[in-house]
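# Working through the structure, step by step
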Amino acid sequence: MSATNILSETVLNLAESATLKMSQMARDLRAQGHDVISLSIGEPDFDTPELVREAAKTALDEGYTHYTPVPGLMDLRKAICTKLKRDNDLDFTPANIVVSNGAKQTIFNICQALINEGDEVIIFTPYWVSYIEIVRMAGGVPVIVTADVTKDYKVDPADVSNAITDRTKFVLFSSPSNPTGSVYTRGELGEIANAIALHDHVYIVSDEIYEHIVFDGVHESIAQFENVRDRTIVVNGMSKGFAMTGWRLGYMAAPEFIAKACTKIQGQVTSGASAFGQKAAATALLEDPIMTKGMMHQFLARREYMIGQLKEIDGMQLSIPEGAFYIFPDVSNFYGKSYEGQAINNSAELAESLLEHAHVAVVAGAAFGAPKCIRISYAASEEQLEKACARLKDYFGKMV
Ligand code: PMP
Ligand code: GLU
């Protein structure tokens with residue numbers, strides 16, 4: 001038997017995470033001595049706030065080094081309910097909450113708990129890379145509803161409605177959106193809720209992990225609408241707003257039977273998240289959310305800077321992201337051109353060429369279901385962003 005034959009069809013059919021792959025390529029090139037700027041991965045460059053780090057140290061000293069209840073420590077689940085009420089005006093009890101090793105695992109648990117082979121999941125596109133693969137791993141069929149750059153990358157509720165079939169299990173999207181930075185308004189979410197409410201077999205998975213990074217308008221949750229409230233699963237986590245990517249802590253608030261199903265899955269797979277991390281997360285969530293504002297203001301300043309710079313590149317089509325920390329320009333005007341004799345025909349070739357020649361790592365839009373685009377993360381220092389913009393301008397300026 002060859003080495004490949006022993007691998008499962010699941011893994012053979014699985015695409016590698018493009019975000020993680022690009023950031024690893026950037027790391028590897030750096031290790032070889034190249035001055036690479038990574039605008040690939042979506043990871044705040046800030047340290048976790050001191051208060052949260054101190055809470056973890058205290059928790060370690062207090063003996064939070066054992067297994068916790070599978071869905072999470074009661075302290076943390078209560079803190080999550082407090083946060084959901086305070087920030088989102090949502091009423092949940094600890095029985096609705098499951099804490100996992102990152103929102104990524106939360107979404108994985110949900111898909112494993114809800115999807116049967118052949119079930120459909122409607123995914124707003126451009127989408128976060130992992131949605132498609134996590135759905136497919138559970139045997140689901142992703143159904144794409146595309147949002148255009150000319151409509152600020154926001155879907156038309158009629159398109160959502162038209163995509164619903166008897167096999168639809170749920171609708172999955174993020175607002176603020178990774179990769180587009182779009183933030184749905186209350187009115188827009190209400191219209192989407194109305195489109196879904198007519199079909200009572202359809203649930204909603206609302207990924208709100210960028211809620212604290214909103215520059216224009218305010219974050220709203222689709223779970224606030226009465227007509228879909230009982231069918232909405234809110235996903236959130238500590239990674240983005242609290243600069244806690246490496247802690248691996250995410251959570252969901254769901255109807256109790258779904259929380260129980262996800263707990264059952266988690267009990268067989270990871271047993272839950274780390275005990276001291278959970279204590280620190282409870283501290284973070286109970287703090288005044290003002291704690292997240294300092295980072296948000298810095299991201300805003302970086303957005304302004306990046307947009308100003310990228311506007312100077314002729315042919316790049318920009319939409320202004322209202323939240324998160326990504327810019328998602330349409331770069332299709334450059335396809336068919338070449339850089340130093342090397343033809344660029346798609347987003348993957350452009351991302352590879354940018355890494356090779358400009359030493360700037362970005363992610364190809366194809367990985368997000370938008371092959372005309374590239375994703376630029378500006379979760380990097382001002383100095384790095386200045387350098388990166390100079391390199392990007394130079395690179396695109398030399399394309400013929
Ligand atoms: N959802 C979205 C939209 C994301 O961008 C990410 C990436 N961090 C996640 C979920 C998963 O986050 P984590 O697993 O770090 O909590
Ligand atoms: N979500 C971030 C991104 O899109 C982190 C990497 C990942 O988990 O995909 O870059």
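Residues numbered from 1 in each chain as written. Chains lettered and ligands numbered in written order. Predicted model: local features only at pLDDT ≥ 70, side-chain atom pairs only at ≥ 80, totals over all residues. Heavy atoms only, no water.

Relative to the elements of secondary structure, Gln224 occurs in the loop between β6 (203-207) and β7 (232-237). In this structure the C-alpha to C-alpha distance between Gln224 and Arg186, which are 38 residues apart in sequence, comes to 9.3 Å. If near-sequence neighbours (up to four positions away) are discounted, Gln224 is found in contact with Leu90, Arg186 and Arg229. (Helix = DSSP H or I, 4+ residues; strand = E, 2+ residues; numbered from the N terminus. Contact = heavy atoms within 4.5 Å.)

Neighbouring residues of ligand 1: Gly102, Ala103, Lys104, Trp128, Tyr131, Asn178, Asp207, Ile209, Tyr210, Ser239, Lys240 and Arg248. Between an oxygen atom of ligand 1 and a main-chain N or O atom of Lys104, the distance comes to 3.0 Å. Asp207 places a side-chain nitrogen or oxygen 2.5 Å from a nitrogen atom of ligand 1. Summarising the interface, the protein chains cover 93% of the accessible area of ligand 1, which totals 390 Å² for the free molecule. If you map ligand 1 onto the pockets, it falls in the largest pocket. Here the residues of the shell around ligand 1 are counted per class, giving 5 nonpolar, 3 polar and 4 charged. (Near = heavy atom within 4 Å. Polar contact = N/O pair within 3.5 Å; in protein donor to acceptor, adjacent residues only side chain to side chain. Areas by Shrake-Rupley, 256 points an atom, 1.4 Å probe, with all protein chains shown as cover. 1 Å grid on protein atoms, 1.4 Å probe; cavity = no way out; pocket = protein on both sides within 12 Å on 5 of 7 lines; lining within 4 Å. Sits in = over half its atoms within 2 Å of the grid points. Nonpolar A, V, L, I, M, F, W, Y, C, P; charged D, E, K, R; others polar.)

The next point concerns the packing of aromatic side chains. Following the criterion strictly, the structure yields 15 aromatic pairs and no others. Look at Phe299 and Phe325: their rings are 5.0 Å apart centre to centre, the planes differ by 45°, and that puts the pair in the tilted class. On the criterion of sequence distance, the pair formed by Phe299 in helix α11 (residues 293-310) and Phe325 in the loop between α11 and β9 (326-327) is long-range, its members being 26 residues apart. We note that Phe299, like Phe325, is buried. Taken together, a centroid distance of 4.2 Å and an interplanar angle of 10° make the contact between Tyr339 and Tyr395 stacked. Residue Tyr339 is located in strand β10 (residues 338-339), and its partner Tyr395 is located in helix α13 (residues 382-397); the two are separated by 56 residues in the primary sequence. Members of the aromatic cluster, connected to one another through ring pairs, are Phe46, Tyr210, Phe299, Phe325 and Tyr326. A cation sits over an aromatic face here: Lys154 above Tyr184, 6.0 Å from the ring centre. (Phe/Tyr/Trp six-rings, centres within 6.5 Å; stacked < 30°, edge-to-face > 60°. Buried < 20%, exposed > 50% of the residue type's maximum accessible area, 1.4 Å probe, protein only. Lys NZ or Arg CZ within 6 Å of the ring centre and 35° of its normal.)

Take the side chain of Asp330 next. Following the sequence through the fold, Asp330 ends up in the loop between β9 and β10. The charged side chain of Asp330 is buried without a salt bridge, its nearest counter-charge being Lys372 at 4.7 Å. A distance of 2.7 Å separates a polar atom in the side chain of Asp330 from a polar atom in the side chain of Ser332. (Lys, Arg positive; Asp, Glu negative; His and termini not counted. Salt bridge = Lys/Arg side-chain N within 4 Å of Asp/Glu carboxyl O.)

It is worth spelling out the sheet that holds strand β14 (residues 374-377) at this point. Spatial ordering of the open sheet is given by β9-β14-β13, a layout of 3 strands whose pairing is antiparallel. Each having just a single partner strand, β9 and β13 (363-364) make up the two edges of the open sheet. Relative to β14, β13 runs antiparallel, the two sharing 2 bridges. If you follow Ala364 over to β14, its bridge partner there is Ile374. (Pairing = 2+ DSSP bridges.)

Attention shifts here to the pairing of β7. Among the 6 residues in β7, 6 count as buried, and that is most of the element. On β7, burial covers both faces: Thr232, Val234 and Asn236 on one face and Ile233, Val235 and Gly237 on the other are all buried. Two elements, β6 and β7, share 4 bridges in a ladder whose sense is parallel. The partner of Asp207 across the bridge, within β7, is Val235. In the sheet, β7 pairs with strand β8 (residues 250-253) via 4 bridges, with the strands oriented antiparallel. Bridge assignment links Asn236 to a residue of β8, and that residue is Tyr251.

The buried fraction of strand β5 (residues 168-174) is high, at 6 of 7 residues. Alignment of strand β3 (residues 120-125) against β5, held across 4 bridges, turns out to be parallel. Note on β5: the bridge partner recorded for Val121 is Phe170. Taken together, the 5 bridges between β5 and β6 define a ladder with parallel strand orientation. By the bridge assignment for β6, Phe173 is matched with Ser206.

This is a description of form; function is not addressed.
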